[in-house]
Amino acid sequence: MNKIQEAIVKNQLSELVKQGDFNKAELLCSQLLKALPKDVDVWYTFGQVLQKLNKSEQAVKALLNATQPASNITRDALKLAVHISQEHKLYALGFMAGQALLQNNPVDVETYFTHGMFGSCLNLDYLANHFYQKAIDINPNDKRYRLYNAKALNHLGRTTEALEQYQAAIDLDDRDDEPYFRRLFAQNYSQYLEEETVVQSHKAYGERLEKRFPKVDKFKPRELSSRVKIGYVSKDFATHSVAYFFLAMIQGHDSKMFEVYCYSDGAPADEDAITEKIKAGADHWVPSLGLSDNALCQRIRKDRIDILVDLLGMTGNPRMSVYAQRAAPVQINYLGYPNTCGLSRMDYRITDNWTDPVGLTEKHNTETLIRVPSGFLCYTPELPQTTVVDLPALESHVITFGSFNVFPKITDKMLKLWTEILLSVPDSKLLIKAKLFLEKQNNEIVQQRFEALGISKERLILIAFTPDTKSHLEVYNQVDIHLDTFPYNGTTTTCEALWQGVPTVTLAGDTHRSRVGLSILNQVGLEDFIAYDASQYVEIAVSVSKDLKKLSVLRQGMRARVQNSKLLNAKLFMAEYEAELKKLI
């Protein structure tokens, strides 16, 4: 193609774009690029055409090609690539475009912020925090920068700093609810906050929401001859910790007594085999992701739900405004959140006598506590066919302790207790599995924190992601004893460990979230692994590690123990749970 032909074809391309004939423009771009594979202008036009055709991934790739070699359109191409990536959740491509854009001076504040967002979406929170902080240094008065930085700090386990950033976002714009409810969730991880402070923060947020709805419409009397309509609201009707405890419920409801509605805030793209099981157990499946709180409330009222159960709490994008305006005559907080929701219009919270003994935690809740006699959790293992292997220490002659909880739960106090345990058990190792170890900087930081306490990095096994659930569960095969966290206990991780034959040592406190381990271990008859103070926690872990024969026997019998326990007894759980529900109608 000579220069004259090139000019003619490019003019034709320009006319097609002006006319909005993007299909023909796409074809012509492809033909041009075969002859002119290094023409950045054509690549740029091609990216814009593909964007118009909603071929987002191809568009971003074309725009990245438009930056090689660099030219006067490089910056515009990269900005458009970032914009498309952000709009269509193409995080890896957006990250690539953002990295290139950072090399183009001057770098504007939004470039720093957007690159941080891509980092967060790729679980690169150390990097994200770096770029959020750059944005804050340039413009400290943008609440978005504070809010997103707080999320990254929380994921990194820097809870106190995260709480400060959430407060800064609130101070900049107190009309926005998000910094409030994100701060509430982060408070659960803090080892420094008094529980009364946490409770009052939740109550204040509940009052904030309920003030918006001073008048609540009354409900029509329910038809006594009809089934009780029970609704569940969640974003986690898929492979998720919440679903592992919800499956027994959705599959075990008395269909003669209850008519079940599931209001799903999950994205259709995230639906999977577990979603299908939940759909099969529900009488009504209502996609609710696109509904505002007001619209969802009206839909629930239209469905005439008798009992509405929130499985979200302050996680994800909470639906607290739905309950603040009273979507159902009876509203229950359960499963998704280990604390009160703070609403006076949330009537009940499902718990048990272990996590919330009578007289201990009522003051922490705006809800009336309903205690399920045999335990408030009923676990369904995702992969029941996994095998329990022999105790690793029998072959290695080295005890390996483990932690699988999210990293924000691992406080400075826990590191010190784990250090005591490691120093008391010669040559022992500690395996920590957490997604923040995707970044080598976080590995180095954790190693340095332990080294400051007297534990060399050679005694640490730091693991990030595993590709699937099976490989995740197989990591437990490397562990002899699982160590729970405090003040925010594990739930799913404790159940997974038990299923894989690994006993958990837990430290029980005086709040719900610090007593979940106690509840689970009571359900499976492992009361000897429950500590009630820090010294006892260390003592139990050290003592258990000394008798490998006993630990091995326990491991080999653990699967049967769990299978025959209250923790997996769906029939018993549902009988007790539904008996409590019937009292509310």
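Residues numbered from 1 in each chain as written. Predicted model: local features only at pLDDT ≥ 70, side-chain atom pairs only at ≥ 80, totals over all residues. Heavy atoms only, no water.

**Q** When you look at the overall build of the protein in this model, what are you seeing that I'm missing?
**A** Per the secondary structure count, the protein includes 25 helices and 13 strands. Over its C-alpha atoms the protein spans a radius of gyration of 27 Å, differing by no more than 12% from the 25 Å that the globule rule assigns to 585 residues. Dimensions of the protein along its principal axes, counting C-alpha atoms only, are 85 × 65 × 45 Å. Considering the protein as a whole, with its 585 residues, one finds that 57% of them fall into the buried category. Counting contacts in the protein only where the partners sit at least 6 residues apart, residues at least 24 apart contribute 68% of the total. Roughly 25,400 Å² of accessible area belongs to the protein as shown, and the carbon and sulfur atoms make up 50% of that amount. Each charge sign in the protein was given a centre, from 68 positive and 71 negative side chains, and these centres are 3 Å apart. (Helix = DSSP H or I, 4+ residues; strand = E, 2+ residues; numbered from the N terminus. Rg over C-alpha atoms; globule rule 2.2 N^0.38 Å. Buried < 20%, exposed > 50% of the residue type's maximum accessible area, 1.4 Å probe, protein only. Contact = heavy atoms within 4.5 Å. Areas by Shrake-Rupley, 256 points an atom, 1.4 Å probe, with all protein chains shown as cover. Lys, Arg positive; Asp, Glu negative; His and termini not counted. Charge placed at Lys NZ, Arg CZ, Asp CG, Glu CD.)

**Q** Which parts of the structure should I look at to understand the side chain of S565?
**A** Relative to the helices and strands, S565 is located in the loop between α24 (548–563) and α25 (570–582). Under the relative-accessibility criterion, S565 is labelled buried at 7%. Residue contacts for S565: discarding those within four places in its chain leaves Q523 and V524.

**Q** Help me out: how do you make sense of the side chain of N123 in this one?
**A** You can see N123 is positioned in the loop between α7 (109–121) and α8 (125–138). Here N123 falls in the buried class, since its relative accessible area comes to 17%. Within the local environment of N123, its side chain forms a polar contact with the side chain of K435, the two groups lying 3.4 Å apart. (Polar contact = N/O pair within 3.5 Å; in protein donor to acceptor, adjacent residues only side chain to side chain.)

**Q** What am I meant to see in α8 here?
**A** Helical periodicity: at 3.6 residues per turn, an α-helix aligns residues three or four positions apart in one direction. An ideal rise of 1.5 Å per residue puts 20 Å on 14 residues; α8 measures up with 20 Å between its terminal C-alpha atoms. When we look at burial in α8, the residues that qualify are D125, A128, N129, F131, Y132, A135 and I136. Close packing links the buried residues of α8 with α6 (91–102), α7, α9 (143–155) and α10 (159–172). (Expected span 1.5 Å × (residues − 1).)

**Q** Is there a simple way to think about the packing of aromatic side chains in this case?
**A** Working definition: an aromatic ring pair is given by the centre-to-centre distance plus the angle between the planes. The full count for this structure, using the stated rule, is 19 aromatic pairs. Here the aromatic rings of F404 and Y476 are separated by 3.8 Å at their centres, their planes lie at 10°, and the arrangement is stacked. Of the two residues, F404 is situated in the loop between β8 (400–403) and α18 (412–424) and Y476 in the loop between α20 (469–475) and β11 (481–483); the sequence distance between them amounts to 72 residues. For the pair formed by F404 and Y476, the shared burial category is buried. An aromatic cluster is present here, built from F113, Y132, Y145 and Y148 joined pairwise through their rings. Between R208 and the ring centre of Y180, over which it is positioned, the NZ or CZ distance is 4.0 Å. (Phe/Tyr/Trp six-rings, centres within 6.5 Å; stacked < 30°, edge-to-face > 60°. Lys NZ or Arg CZ within 6 Å of the ring centre and 35° of its normal.)

**Q** Teacher, can you tell me more about the pattern of salt bridges here?
**A** Two side chains bearing opposite charge may form a pair once their charged atoms approach each other closely. Taken as a whole and judged by the stated rule, the model has 34 salt bridges. Close ionic contact of R144 with D142 constitutes a salt bridge, the shortest N to O distance being 2.8 Å. What makes R144 partly exposed here is its relative accessible area of 32%. On the basis of relative accessible area, D142 is assigned to the buried category, the value being 15%. With a closest N to O distance of 2.8 Å, R319 and D293 form a salt bridge. Of the two residues, R319 sits in the loop between β4 (307–310) and α16 (320–324) while D293 sits in helix α15 (residues 293–303), which places them 26 residues apart along the sequence. Owing to a relative accessible area of 5%, R319 belongs among the buried residues under this scheme. A cluster of three or more residues bridged by salt bridges with shared partners is formed by K3, E6, K10 and D39. (Salt bridge = Lys/Arg side-chain N within 4 Å of Asp/Glu carboxyl O.)

**Q** Please explain the state of the cysteines as it appears in this structure.
**A** Here, disulfide denotes a covalent bond that connects the sulfur atoms of two cysteines. Here the structure, examined in full by the defined rule, presents zero disulfides. The thiol sulfur of C262 is not disulfide-bonded, and the nearest other cysteine sulfur, from C378, lies at 16 Å. (Disulfide = S-S within 2.5 Å.)

**Q** Can you help me understand helix α22 (residues 516–523) in this one?
**A** The element α22 is largely enclosed, with a buried count of eight among its eight residues. Turning to α22, its buried residues number three or more, namely V516, G517, L518, S519, I520, L521, N522 and Q523. The secondary structure elements touched by the buried residues of α22 are α21 (492–499), β12 (504–507) and β13 (530–531). Just beyond α22, the residue with positive phi is G525, at close to 75°.

**Q** Please explain the environment of T159 as it appears in this structure.
**A** Structurally, the position occupied by T159 is in helix α10. Residues T159 and Y189, 30 residues apart in the sequence, show an inter-C-alpha distance of 6.8 Å. Ignoring sequence-local partners within four residues, the contact set of T159 consists of N154, A186, Y189, S190 and P408.

**Q** What exactly am I supposed to notice about the sheet that holds strand β9 (residues 429–433) here?
**A** Strands in a sheet are paired, the pairing made by backbone hydrogen bonds, and the direction either parallel or antiparallel. Taken in spatial order, the six strands make up an open sheet running β10-β9-β8-β11-β12-β13, and their pairing is parallel. Either end of the sheet is taken by a strand with one partner, and the two such strands are β10 (460–463) and β13. In the sheet, β11 pairs with β12 via two bridges, with the strands oriented parallel. Residue pairing in the sheet places L483 in a bridge with V505 of β12. Each of β8, β9, β11 and β12 is contacted by α18, which is oriented at about 145° to β9, the strand it contacts most. Most of the contacts of helix α23 (residues 534–545) go to β12, to which it runs at about 170°, and overall it touches β8, β11, β12 and β13. (Pairing = 2+ DSSP bridges. Axes fitted to C-alpha atoms, helices over the stretch in contact; angles between N-to-C directions.)

**Q** Hey, could you run me through empty space enclosed by the protein in this one?
**A** By rolling a water-sized probe across the atoms, one finds the places where empty space is left. Applying the stated rule across the entire model yields two cavities of 30 Å³ or more. Quantified by volume, the largest cavity comes out at close to 50 Å³. If you trace the largest cavity, you find it lined by E195, P338, N339, T340, R349, D356, T361, H364, N365, T511, H512 and R513. The residue makeup of the lining of the largest cavity, split by class, is one nonpolar, seven polar and four charged. Roughly 40 Å³ of volume is contained in the second largest cavity. (1 Å grid on protein atoms, 1.4 Å probe; cavity = no way out; pocket = protein on both sides within 12 Å on 5 of 7 lines; lining within 4 Å. Points joined across faces, edges and corners; volume = space filled by probe spheres on them. Nonpolar A, V, L, I, M, F, W, Y, C, P; charged D, E, K, R; others polar.)

**Q** Which parts of the structure should I look at to understand the packing of α7 against α8?
**A** How two helices sit against one another is set out by the angle between their axes and by the gap between those axes. Axis separation between α7 and α8 bottoms out at 8 Å; the angle between their running directions is 160°. With respect to α8, the element α7 is oriented roughly antiparallel. When you trace α7 past α8, the crossing you get is left-handed. Facing α7, whose interface residues are V109, Y112, F113, H115, G116, M117, G119 and S120, α8 presents D125, L127, A128, F131, Y132, K134, A135 and I138. When grouped by side-chain class, the residues that make up the contact of α7 with α8 number 10 nonpolar, four polar and two charged. (Parallel < 35°, antiparallel > 145°, perpendicular 65-115°, else oblique. Left-handed = near helix turned anticlockwise from the far one by under 90°.)

**Q** I keep staring at unusual backbone geometry and nothing clicks. Help me out?
**A** Glycine aside, residues mostly have negative phi angles, and peptide bonds mostly take the trans form. The omega torsion of the bond from Q68 to P69 falls at 0°, within 30 degrees of zero and hence cis. By the element assignment, P69 lies in the loop between α4 (56–65) and α5 (74–87). Here the bond from F486 into P487 is cis, since omega is 10°, no more than 30 degrees from zero. With respect to the helices and strands, the residue P487 is situated in the loop between β11 and α21.

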